[in-house]
Amino acid sequence: MTIKTGILTTGGDSPGTNAVIRAIGKAAQSQGIQVVGFQDGFSGMAINQYLKLEGGFFSGILSKGGTLLGTNRDLPFKVLVDGKAIDRTAEIVQVYKQHQLDCLLCLGGGGAQESGRALTEAGLNIVTIPVTIDNDIPLTDESIGFDTAVETAAEAIDRLHSTAISHHRIIIVELMGRETGWLTLGAGIAGGADVILIPEIPYDFNIIAEATLQRNRSGKHFSLIAVSEGAISLDNVRFFESARKASERLHAGRTEQEIASKLDMIEKKAAGDTLHLARQLENLTGLITRVTILGYVQRGGTPSARDRLLATQLGTACVKYIEQGGTGVMIGIQNGEAVPVPLSEVAGKVKPVPPDHAWLQAARQVGTCLGG
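Each value, and the rule that gives it
- Residues numbered from 1 in each chain as written.
- Predicted model: local features only at pLDDT ≥ 70, side-chain atom pairs only at ≥ 80, totals over all residues.
- Heavy atoms only, no water.
- Helix = DSSP H or I, 4+ residues; strand = E, 2+ residues; numbered from the N terminus.
- Rg over C-alpha atoms; globule rule 2.2 N^0.38 Å.
- Buried < 20%, exposed > 50% of the residue type's maximum accessible area, 1.4 Å probe, protein only.
- Contact = heavy atoms within 4.5 Å.
- Pairing = 2+ DSSP bridges.
- Axes fitted to C-alpha atoms, helices over the stretch in contact; angles between N-to-C directions.
- Core = buried A, V, L, I, M, F, W, Y, C linked by side-chain atoms within 4.5 Å.
- Disulfide = S-S within 2.5 Å.
- 1 Å grid on protein atoms, 1.4 Å probe; cavity = no way out; pocket = protein on both sides within 12 Å on 5 of 7 lines; lining within 4 Å.
- Points joined across faces, edges and corners; volume = space filled by probe spheres on them.
- Nonpolar A, V, L, I, M, F, W, Y, C, P; charged D, E, K, R; others polar.

Colleague: Account for the overall build of the protein chain, naming residues and giving values.
Modeller: A count of helices and strands for the protein chain gives 12 helices and 13 strands. The globule rule puts the C-alpha radius of gyration for 372 residues at 21 Å, and the 22 Å found for the protein chain is close to it. Counting only C-alpha atoms and orienting by the principal axes, one finds that the protein chain spans roughly 75 × 55 × 40 Å. Taking all 372 residues of the protein chain together, the buried fraction comes to 52%. Across the protein chain, contacts joining residues at least 24 apart in sequence account for 73% of those joining residues at least 6 apart.

Colleague: Which residues make up the sheet that holds strand S12 (residues 329-334), and what values go with them?
Modeller: Here we have 7 strands laid out as an open sheet, ordered S3-S2-S1-S6-S7-S12-S13, and mixed in their pairing. Strand pairing shows two members of the sheet lacking a second neighbour, strand S3 (50-52) and strand S13 (337-342), which therefore form its edges. Within this sheet the neighbouring strands show an average axis-to-axis angle of 25 degrees, counted without direction. Here S12 pairs with S13 via 6 bridges, running antiparallel. Its bridge partner lying in S13, Gly332 is registered against Val339.

Colleague: Kindly report on the environment of Asn72, identifying the contributing residues and their values.
Modeller: Within the fold, Asn72 resides in the loop between S3 and strand S4 (79-81). Placed 96 residues apart in sequence, Asn72 and His168 show a C-alpha to C-alpha distance of 41 Å. With near-sequence residues (within four places) excluded, Asn72 lies in contact with Thr10, Gly11, Asp40 and Ser43.

Colleague: Hey, could you go over the nonpolar core for me, with residue numbers and the actual values?
Modeller: Counting residues in each nonpolar core, the largest one holds 31 residues, and the members touching the most others are Ile7, Val127 and Ile129. The leading source of residues in this core is helix H11 (residues 305-323), at 8 residues. Aside from chain neighbours lying at most four places away, what touches Val127 is Cys103, Leu104, Leu105, Cys106, Cys318, Tyr321, Ile322, Gly326, Thr327, Val329 and Ile331. Core analysis: the next-biggest nonpolar cluster, separate from the first, contains 29 residues, Val150, Trp182, Leu185 and Val353 among them.

Colleague: For the state of the cysteines, give the residues involved together with the corresponding values.
Modeller: By definition, a disulfide is the covalent link that joins the sulfur atoms of two cysteine residues. Evaluation of the coordinates by the stated rule reveals 0 disulfides. In this structure Cys318 is a free cysteine whose sulfur lies 6.6 Å from that of Cys103, the closest cysteine sulfur available.

Colleague: Please provide a residue-by-residue account of empty space enclosed by the protein, values included.
Modeller: Counting across every chain of the model gives 1 cavity of 30 Å³ or more. Of the pockets and cavities examined, the largest cavity occupies roughly 40 Å³. Around the largest cavity, the lining residues are Thr9, Thr10, Gly11, Gly12, Asp13, Ser14, Thr17, Thr67, Thr71, Leu107, Gly108 and Val131. Looking at the lining of the largest cavity residue by residue, the class counts come to 2 nonpolar, 9 polar and 1 charged.

Structure (structure tokens):
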């Protein structure tokens, strides 16, 4: 009996996504597996917006950025319709059955893993592949798109050096990474940033200011600061610790979970205020400070050779796994090998930079200030 699988991309676009689609498609064709592509993520699948992926569709897409299938951040249980979040799980299950699928492949970051678990619980056969520039998915050494994003961001930092040196300024470069600092740390080290600020290490304005002033005193009249969008100051950390204690006293009748949830949401919004960081440093140092926010440029462009290799390895391993009847897993990379990881072990979780990680140790040894 012919195996039939669906495939979609969800979450932020990432370099190497098309390379994964190609690997899955070509490997599937060689094994006689039929592939249906759903457009624009879960919201597209909910309305049966699809393409039959065959023939020449997979030709010439290895090096293309973005995703030819389209994407968005909708989850099966949270699809935006006229500004309202609607649960479309039932429609997605119906479309899955309508196409007589044996499996649905979901490519993406944290949202793909959460969605995969939810649809597995709804009775569907799901396999995911980690595709995100943030590299924040647990139990995989690397996610597709991360290497390209590091290269792009490091090149931007390289280019900003000349302006920082010419104008004797502090230049702050904001990179993506709301909950983890993998991208900022990797690009910051590769680009020679003088200060690197990541969410895992709350920063002290005075420590950063002293680091830049020390550089000035030693004759280096410029500083490059790489900061994750989710980096947070020690001042804010202390404020929210006090707020939590006060909330516990004021809202004794509410559950701790309700209180923590509201404060966590506010704290996330307080993190990543790069413009405030710039103002504080200018006040503390007297040095002109400018901000560059890289934004979506980190997602774009041709995937690196490393990302194409990883995409091909994970995509083909995914097809082999579904041939064997496997389901309910993410196909990740561990010690160079493609491995299945139960979705229950990755969904809803993130992979922070460990405090003893080799990159952090190396950054400290070359004199990089980490702000804390």
